[in-house]
Amino acid sequence: MHVTRGFTGRPRVTNAGLPPGQYDTGDDWPVLSAEVTPDLAPAEWTFRVDGLVERPRTWDWDEAHALPASEYAGDIHCVTGWSKFGVRFGGVSLDAVWEAVRPHPSATHAVAYSHTGYTANLPLADLTGRRAWIAFTYEGKPLDPEHGGPARLLVPHLYFWKSAKWIAGIRILDHDEPGFWEQNGYHARGNPWEEQRYSGD
Ligand SMILES: Nc1nc2c(c(=O)[nH]1)N[C@H]1C(S)=C(S)[C@@H](COP(=O)(O)O)O[C@H]1N2
Ligand SMILES: [Mo]
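Keep in mind it's a predicted model, so treat the numbers as computed, not measured.

Scoring rules and cut-offs
Residues numbered from 1 in each chain as written. Chains lettered and ligands numbered in written order. Predicted model: local features only at pLDDT ≥ 70, side-chain atom pairs only at ≥ 80, totals over all residues. Heavy atoms only, no water. Core = buried A, V, L, I, M, F, W, Y, C linked by side-chain atoms within 4.5 Å. Buried < 20%, exposed > 50% of the residue type's maximum accessible area, 1.4 Å probe, protein only. Helix = DSSP H or I, 4+ residues; strand = E, 2+ residues; numbered from the N terminus. Near = heavy atom within 4 Å. Polar contact = N/O pair within 3.5 Å; in protein donor to acceptor, adjacent residues only side chain to side chain. Areas by Shrake-Rupley, 256 points an atom, 1.4 Å probe, with all protein chains shown as cover. Nonpolar A, V, L, I, M, F, W, Y, C, P; charged D, E, K, R; others polar. Phe/Tyr/Trp six-rings, centres within 6.5 Å; stacked < 30°, edge-to-face > 60°.

Undergrad: Please set out the nonpolar core residue by residue, giving values where relevant.
TA: In this structure, F47, V49, L94, W98, I134, L153 and I170 are the most contacted members of the largest nonpolar core, which totals 38 residues. Of all elements in the fold, only β2 (46-51), α2 (94-101), β6 (109-114), β7 (119-123), β8 (133-138) and β11 (167-173) reach the threshold of two or more residues within this core. No other element matches α2, which puts five residues into this core. W82, F89, L143 and F160 belong to the second largest nonpolar core, which has 13 residues in total.

Undergrad: For the site of ligand 1, give the residues involved together with the corresponding values.
TA: By nearness alone, 21 residues border ligand 1, and P30, A34, E35, H147 and K165 come closest of all. At 2.9 Å from an oxygen atom of ligand 1 is found a main-chain nitrogen or oxygen belonging to L32. At 3.0 Å from a nitrogen atom of ligand 1 is found a main-chain nitrogen or oxygen belonging to S163. Summarising the interface, the protein chains cover 98% of the accessible area of ligand 1, which totals 530 Å² for the free molecule. A breakdown of the residues in the shell around ligand 1 according to their chemical character gives 12 nonpolar, five polar and four charged.

Undergrad: Can you break down the packing of aromatic side chains residue by residue, with the values?
TA: The final tally for this structure, using the stated rule, is 16 aromatic pairs. Note on W45 and W61: the rings are 5.6 Å apart at their centroids and 90° apart in plane angle, and the pair reads as edge-to-face. With a gap of 16 residues between them, W45 in the loop between β1 (23-24) and β2 and W61 in helix α1 (residues 61-65) connect regions that are remote in the sequence. The class for W45 is buried, based on a relative accessible area of 0%. Both rings, one in W181 and one in Y186, keep their centres 5.4 Å apart while their planes meet at 75°; by these two values the pair is edge-to-face.

Geometry only, nothing functional implied.
Structural data, given as structure tokens:
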């Protein structure tokens, strides 16, 4: 795969309106967790990338913060129907991670996994082009534990179940491997603009 793939320079702010079948949740930010919120201190948090990469590695909290800071300002969309407009997350772009680990040319897909065991699969292309982050802050403050703090994956152009809370790592593959919700009938990609909610949509 080629990390630069023509997406560089694409605007990050979306605010393009509501995807089909969604409603605006306003100031509310619902919590959706399949697990009990873990008690995960920044000092214990690690983020690993391995699988089909040239240089697998693990970042601890300080090492991850040494990557260039990057922000997302835009919208998020949950498959249960709510969308939230104009949110701001701070963290690091996964583009910097790909530069460090160098995915093999055969790499096509990724499985993101959490410190709790949650998983979500994604096409690797959806994690490039300044469209995916490891987020540490929300509106300038540390991310709340129930929203995935100290760190979560953020892939806001896909349904929010792809944005694994308490992110622990990403495994790079040459095939698609369904994650937690995808094994339970949800769509492999989950593009809200095409209403890819369930497999077959
Ligand atoms: N580890 C983990 N990550 C997760 C989930 C989860 O249950 N566990 N739920 C997903 C779903 S369905 C959504 S909509 C968002 C919810 O994030 P929030 O609770 O911060 O709104 O997290 C996603 N990431
Ligand atoms: Mo969701």
